Amino acid sequence: MTTSPPVLEVNGLMRSYGGGKTLFRKEKPVIHAINDVSFQIAEGETLGLVGESGSGKSTTGRAVLHLETPDAGSVRFRGQELTTLAGKALKPYRREMQMIFQDPYSALNPRMKVGRFVAEPMVVHGTESGSALQDRVAELFRLVGLDPAFMSRYPHEFSGGQRQRINIARAIALKPAFIVADEPITALDVSIQAQIVNLFQDLQDQLGLAYLFIAHDLSMVRYLCSRVAVMLRGRIVEIAPTEQIFSDPRHPYTQSLLAAIPVPDPDRRRPPRPPFDVSRNIPPREAQMAEVAPGHFVLDHPIQ
Amino acid sequence: MKHFFRDLCRSKAGLFGAVLLAIIVLLALFAPLLHLPDPTRGDLRARLAGPTWSGLFSPGAHPLGTDEVGRDILSRLIHGSRMTLMVASTAVVLGGIVGTFLGILAGYKGGLVDRILMRLVDIQLAIPLMLLALLVVAALGPSITNVVLVLALTSWIRYARIIRAQVLSLREREFVQSARAIGASTLRIMFLHILPNVLTPALVVGTLELARVIIMDAALSFLGLGVQPPTPSWGRMLADGRVYLSSAWWTVTFPGLAIVLTVLSVNLFGDWLRDYFDPKTRSAK
Ligand SMILES: Nc1ncnc2c1ncn2[C@@H]1O[C@H](COP(=O)(O)OP(=O)(O)O)[C@@H](O)[C@H]1O
Ligand SMILES: [Mg+2]
């Protein structure tokens, strides 16, 4: 479908929490946060990842970036397998892949001046120093629409939208090829959300970034993403080009997500459908994806 | 800083503690400039002289009386405070550095490191601190260095536990994850991202520890295991004076009062400091 080679290939990714019985601790129940997650992202493409809270979106993002080690599965960046790398061997790939977090308040170190915070990736990787570093930080501030004079301030002096711009400046400092944006606008005022989405778009045009853009409802991904993956209880249940998700949703869960988007025009309202009962339709382990149209895959399992 | 003093002035207890502590520290710092009688030289003609306030500024006056060998009690108190404050604050800072570092290490690294360190803390908590201190000083011999070391040894665990608990929640914060995502080393994360965010609780633990360590220092020197004579120390003054309690009350009353007032001022100030830095009590104002 997309002709450019994938920047990222994820196959059969799994991660569970809990378990781990020891002499002093009782065993906790095992939660399969993500189960058999597979997708690809082309260079410069945006894939949306949508699902309700707790469906495993953040876990997917963290596992892809190797912020936690997956239990099974493979993550390839430009063909290089990452899950088997550790420590120093991983460091060059940290330059290429970054994350932007949901909560712009907890994403900034409250005791570090924001200029230093944005400069840190370049200090860690030794790409820039001295006045060149200062110039680069100022350039990054301008790029995300902040006054470079703010560099010597602390995070508490900024609004949520400004903080998210600071996080974005830090994430793009090393000119990465790929960014996981974990619900980057959910915590922001509605009036600010569009500005930040536009910033994501501008940066993509200028820097050729690929995004995994995580959101909890479909309306947020519509204008930014070329393809969308829908996640349910740790599984991807449908993945397709954005137009197709909106015009021809196949999985009942996708359909219920679409129905939840408010439509202002009464003529275009969809007929009401019975709500999708998540707890009775947890995808079984052995369910497989089936291609229903070119580039449009749906998880095949019985629906109540 | 302005906000700090404005807030301090609003709290009667905190202000009282801060002012009292400031006076004690200033007296200790400037003791050599006060033209006090030599705290180590006795005047055998004036043994166990009671407090007199007449002729306060004449050279032979003893406003708080003298001890059994005729040494001026006021002078010994002020010079003794130098030693007490120095020993106690060195011990608290030393214990603070070690305890904070180990607390960060245990909290951030988790796993085996955490389990070993926390078991160590548990074991040490199970031994009465005074017994531990007595054993160590008795084994190593009483010297200022040994007293400082043993007091620091009783102190680090309190920092380590509280700092570890803080780090457990900091570790999950997104800016720490973000530091890992850019490839920052563990040391960098511990010192640049975690340490600055636990300095405040460490400071609060420090003031509360200071009060405890002052009492312990006095107890050690009361038992003869602290600073050795003739250097004046509060605990030693109590020990030497208690024989004369019925005939010369001033020999024990003033050193006792000095300990109580110092500990009280540190505690009041420490309590206020804890509230000041606690976001929950702060936002309630
Ligand atoms: N560190 C963790 N420890 C234990 N359980 C976790 C942890 N992180 C996530 N989970 C669990 O994994 C599931 C998926 O969580 P998450 O990936 O955060 O979902 P989402 O981002 O879609 O809201 C949830 O059930 C959550 O409780
Ligand atoms: Mg999430």
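About the thresholds
- Residues numbered from 1 in each chain as written.
- Chains lettered and ligands numbered in written order.
- Predicted model: local features only at pLDDT ≥ 70, side-chain atom pairs only at ≥ 80, totals over all residues.
- Heavy atoms only, no water.
- Pairing = 2+ DSSP bridges.
- Helix = DSSP H or I, 4+ residues; strand = E, 2+ residues; numbered from the N terminus.
- Expected span 1.5 Å × (residues − 1).
- Buried < 20%, exposed > 50% of the residue type's maximum accessible area, 1.4 Å probe, protein only.
- Arc of directions from axis to C-beta.
- Contact = heavy atoms within 4.5 Å.
- Axes fitted to C-alpha atoms, helices over the stretch in contact; angles between N-to-C directions.
- Polar contact = N/O pair within 3.5 Å; in protein donor to acceptor, adjacent residues only side chain to side chain.
- Near = heavy atom within 4 Å.
- Areas by Shrake-Rupley, 256 points an atom, 1.4 Å probe, with all protein chains shown as cover.
- Phe/Tyr/Trp six-rings, centres within 6.5 Å; stacked < 30°, edge-to-face > 60°.
- Lys NZ or Arg CZ within 6 Å of the ring centre and 35° of its normal.
- UniProt positions renumbered as here; feature names shortened; annotations may be inferred.

Draft legend 1. Region of interest: the sheet that holds strand β4 (residues 72–77) of chain A. Residue and element names in this part refer to chain A. Judged by pairing direction, the sheet is antiparallel, and its 4 strands sit side by side in the order β2-β1-β4-β5 without closing on themselves. Only two strands of the sheet have a single partner each, and these edge strands are β2 (28–42) and β5 (80–81). Bridge count for β4 against β5 is 2 bridges, and the pairing is antiparallel. Residue F77 lies in a different strand from β5, and its bridge partner there is Q80.

Draft legend 2. Structural detail: helix α4 (residues 111–126) of chain B. Residue and element names in this part refer to chain B. The terminal C-alpha atoms of α4, which comprises 16 residues, lie 23 Å apart, in line with the 22 Å expected from a rise of 1.5 Å per residue. Of all the positions in α4, only D114, L117, M118, V121 and Q124 are classed as buried. The arc enclosing the buried residues of α4, seen along the axis, measures out at 120 degrees, which places them on a common side. Within α4, the exposed residues directed more than 90 degrees away from the buried face are L112, I116, I123 and A126. Packed against the buried residues of α4 are α3 (73–109), α5 (129–140) and α6 (144–170).

Draft legend 3. Main features of the sheet that holds strand β11 (residues 288–293) of chain A. Residues and elements named next belong to chain A. The strand order across the open sheet built from 8 strands is β6-β7-β8-β3-β9-β10-β12-β11, with neighbouring strands paired in mixed fashion. Each edge of the open sheet is held by one strand with a lone partner, namely β6 (97–100) and β11. Averaged over all pairs of adjacent strands, the angle between strand axes in this sheet comes to 20 degrees, irrespective of strand direction.

Draft legend 4. Seen up close, the environment of A:S219. Residue and element names in this part refer to chain A. The topology assignment puts S219 in the loop between β8 (210–215) and β9 (227–232). For S219 and S38, which are 181 residues apart along the polypeptide, the C-alpha to C-alpha distance reads 23 Å. A distance of 2.5 Å separates the side chain of S219 from the side chain of D217, its partner in a polar contact.

Draft legend 5. Inspection of the site of ligand 1 at higher detail. Residues and elements named next belong to chain A. The full set of residues close to ligand 1 is Y17, I31, A33, E52, S53, G54, S55, G56, K57, S58, T59 and R62. Contact distances for ligand 1 include 3.2 Å between an oxygen atom and a backbone N or O atom of S55. At 3.1 Å from an oxygen atom of ligand 1 is found a main-chain nitrogen or oxygen belonging to G56. Protein contacts shield 64% of the accessible area of ligand 1, which totals 560 Å² for the unbound molecule. Contributions of two or more residues to the shell around ligand 1 are made by β2 and α1 (57–64).

Draft legend 6. Representation of the packing of aromatic side chains within the structure. Using the criterion set out here, one finds 12 aromatic pairs over all chains in the structure. Measuring from centroid to centroid gives 5.6 Å for A:F150 and A:F158, while their planes differ by 70 degrees, and the two rings are edge-to-face. Exposure remark for A:F158: the relative accessible area of 6% places this residue in the buried category. Geometrically, the ring pair formed by B:F4 and B:Y276 is edge-to-face, given 5.3 Å between the ring centres and 85 degrees between the ring planes. You can see B:F4 sitting in helix α1 (residues 2–10) and its partner B:Y276 sitting in helix α10 (residues 250–277), a full 272 residues away along the chain. For B:Y276, a relative accessible area of 7% gives the class buried. Ring pairing ties together the aromatic residues B:F4, B:F5, B:F269, B:W272 and B:Y276, which thus form one cluster. Above the face of the A:F117 ring, A:R170 is positioned so that its terminal group lies 3.9 Å from the ring centre.

Draft legend 7. Examining the UniProt feature "domain: ABC transmembrane type-1" (unreviewed entry) in chain B more closely. UniProt tags residues 81–270 of chain B as "domain: ABC transmembrane type-1" (unreviewed entry). Helix makes up 83% of residues 81–270 of chain B and strand 0%, and the two end C-alpha atoms of the span are 19 Å apart.

Draft legend 8. Examining unusual backbone geometry more closely. All names here are of chain A. Even without glycine at this site, H66 takes up a positive phi of about 60 degrees. Along the chain, the position of H66 falls in the loop between α1 and β4. When its relative accessible area of 12% is taken as the criterion, H66 is described as buried. Even without a glycine there, the phi angle at E183 is positive, about 45 degrees. Along the polypeptide, E183 turns up in the loop between β7 (178–182) and α6 (190–207).

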